[in-house]
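# A structural walkthrough
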Amino acid sequence: MIVVLSKEATKEQLAHVVESVEAKGLKSHIIYGTDRTVVAAVGDKRDVDKGALENLPGVEKIVPILSPYKVASHEVKKENTVIRMGKDDPGFGSDTLSVIAGPCSIEDRSQMLDVAHACKECGARALRGGAFKPRTSPYSFQGLGEKGLQILAEAREATGLPIVTEVLTTADVPLVSSYADVLQIGARNMQNYMLLEAAGRQPKPVLLKRGMSATMEEFLLAAEYVINAGNKNVILCERGIRTFEEYCRNTQAISIVPAIHRVSHLPIIVDPTHGTGHAYMVESMSLAAAAIGADGLIIEVHPDPEHALTDAAQQINPEQFKKLMARLSRVAQAVDKNL
Ligand code: PEP
Ligand code: MN
């Protein structure tokens, strides 16, 4: 349920509401809106006497939350959440369409540094690169681990761009969080609830990718795990779902963008690289994602895609990325966004 405070409610009254909510065994999330403050009380409400909360000083009314996802929903927070990757970042959910770019995997120092400079020149706002790779086959390249994180951190130093990288296990969360500006949780881990909670207990924003067969409701409930554990900064990412179709690696379901914007205050970005699996589709799908209102994009860019150690078919080279960004800026402008 949502405890709506009156406009005149004092700090002390807010603190008392939070205390009372928690005394009833519910979790409280304070949301400061432009107009008024609300407290989302989440948990098993079967034995909670609503009337007792309604009578507290400073409380205007109690409203039930109808959607299965609570703290991610617009019912709890009307304004969109803006999530910044660094201090100079306008943020996902703002009027800027931010692009994260970089290779699928960090392969070596010169590969990462070369492509990092190229991505920055083209207007990327953050760098990506996998150090821990979730590979379908145990015999494929698994990533450079901490060495890869060190290289990625060097690329941040060299370009000034924040870095986004995937964490695969709960045990690695402190390590990855100590390097990354944004922690990525991949499609294969979207329903790894222990990992979601561990990511929720560290301070960096979380880029949560949609599971290959996850419905929108399951996707938002996964975000809810992160938020409930204490981290409100969840960036959702549509990366294609698995269907019967074979001409593409995944089916890019960009209609989830307006659907998410309707029900949730969280920003949603699109990954046209994994969403299609083919380099030649990445530009078209990026333009489509921008046109439909995505808050950002994450794109794999490799200096030499043909020889990439992972995802060779779908990575674009810096020249292709440059052309994509030039066209993207025109689409962004058409939908009243900066790039
Ligand atoms: C990735 O971004 O490199 C990745 C493995 O993505 P996904 O989890 O969407 O497959
Ligand atoms: Mn990849």
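As a reminder, the structure under discussion sits directly above these lines.
Predicted model only: the values in this text are computed from it and were never measured.

Spatial ordering of the closed barrel is given by S5-S6-S7-S8-S9-S10-S11-S12, a layout of eight strands whose pairing is parallel. Ignoring strand direction, the axes of neighbouring strands in this sheet form an average angle of 25°. Here strand S7 (residues 163–166) runs beside strand S8 (residues 182–185); their pairing, made up of three bridges, is parallel. Residue pairing in the sheet places Glu166 in a bridge with Gln184 of S8. Contacting strand S9 (206–209), strand S10 (234–238) and strand S11 (268–270), helix H7 (residues 216–228) crosses the sheet at an angle of about 155° to S10.

Right, let's get into the side chain of Thr159. Position of Thr159 among the secondary structure elements: in helix H4 (residues 146–159). Discounting residues that sit within four places of it in the chain, Thr159 has contacts with Ala116, His117, Lys120 and Leu127.

Okay, the nonpolar core next. Counting 77 residues, the largest nonpolar core has Leu208, Leu236, Ile299, Phe321 and Leu328 as its most contacted members. Sequence-distant contacts of Leu208, that is, excluding residues within four places in its chain, are made with Ile185, Met190, Leu196, Phe219, Ala222, Ala223, Val234, Ile235, Leu236 and Cys237. In terms of nonpolar packing, the next biggest core, distinct from the first, is built from 15 residues, Val21, Ala41, Val48 and Val59 among them.

A few words now on the site of ligand 1. Every one of the 13 residues lining ligand 1 counts as a neighbour, but Arg128, Lys133, Gln184, Ala187 and Arg239 are closest to it. One of the side-chain N or O atoms of Lys133 is found 2.9 Å from an oxygen atom in ligand 1. His274 has a polar side-chain atom sitting 3.5 Å from an oxygen atom of ligand 1. When isolated, ligand 1 has an accessible area of 290 Å², and the protein chains bury 97% of it.

So, on to the layout of surface pockets. Approximately 320 Å³ is the volume attributed to the largest pocket. Taken together, 16 residues line the largest pocket, and the ones lying closest to its centre are Val4, Arg36, Val38, Val76 and Lys78. Going through the elements one at a time, strand S1 (2–5) and strand S4 (59–63) are the ones with two or more residues in the lining of the largest pocket. Tallying contributions element by element places S4 first for the lining of the largest pocket, with three residues. Here the lining of the largest pocket is built from residues that sort into six nonpolar, two polar and eight charged.

This part takes up the coordination of the manganese ion (ligand 2). Four donors placed tetrahedrally about a metal ideally form angles of 109.5 degrees, and six donors placed octahedrally ideally form angles of 90 or 180 degrees. Each protein donor to the manganese ion (ligand 2) is listed here as Cys104 (SG), His274 (NE2), Glu300 (OE) and Asp311 (OD); together their distances run 2.1 to 2.4 Å. The exposure class assigned to Glu300 is buried, which follows from its relative accessible area of 1%.

Turning next to helix H11 (residues 318–334). Along its 17 residues, H11 runs 24 Å from first to last C-alpha, staying within 8% of the 24 Å computed at 1.5 Å per residue. All of the buried residues in H11 are Phe321, Leu324, Met325, Leu328, Val331 and Ala332. Down the axis, H11 shows its buried residues gathered within 130° of arc, on one side only. Along H11, the residues that are exposed and aim more than 90 degrees away from the buried face are Glu319, Lys322, Arg330, Gln333 and Ala334.

Let us now look at the pattern of salt bridges. Scanning all chains against the criterion turns up 11 salt bridges. Measuring nitrogen to oxygen at the nearest pair gives 3.5 Å for the salt bridge that ties Arg36 to Asp35. Taking relative accessible area as the criterion, Asp35 reaches 48% and is therefore assigned partly exposed. Taking the shortest distance from any N to any O, the salt bridge between Glu283 and Lys323 comes out at 3.1 Å. Note that Glu283 is positioned in helix H10 (residues 279–291) and Lys323 in helix H11, a separation of 40 residues in sequence. In this structure Glu283 comes out as buried when scored by relative accessible area, which is 13%.

Quick notes on the rules
- Residues numbered from 1 in each chain as written.
- Chains lettered and ligands numbered in written order.
- Predicted model: local features only at pLDDT ≥ 70, side-chain atom pairs only at ≥ 80, totals over all residues.
- Heavy atoms only, no water.
- Pairing = 2+ DSSP bridges.
- Helix = DSSP H or I, 4+ residues; strand = E, 2+ residues; numbered from the N terminus.
- Axes fitted to C-alpha atoms, helices over the stretch in contact; angles between N-to-C directions.
- Contact = heavy atoms within 4.5 Å.
- Core = buried A, V, L, I, M, F, W, Y, C linked by side-chain atoms within 4.5 Å.
- Buried < 20%, exposed > 50% of the residue type's maximum accessible area, 1.4 Å probe, protein only.
- Near = heavy atom within 4 Å.
- Polar contact = N/O pair within 3.5 Å; in protein donor to acceptor, adjacent residues only side chain to side chain.
- Areas by Shrake-Rupley, 256 points an atom, 1.4 Å probe, with all protein chains shown as cover.
- 1 Å grid on protein atoms, 1.4 Å probe; cavity = no way out; pocket = protein on both sides within 12 Å on 5 of 7 lines; lining within 4 Å.
- Points joined across faces, edges and corners; volume = space filled by probe spheres on them.
- Nonpolar A, V, L, I, M, F, W, Y, C, P; charged D, E, K, R; others polar.
- Donors = N, O, S within 2.8 Å, 3.2 Å for Na, K, Ca; no water.
- Expected span 1.5 Å × (residues − 1).
- Arc of directions from axis to C-beta.
- Salt bridge = Lys/Arg side-chain N within 4 Å of Asp/Glu carboxyl O.

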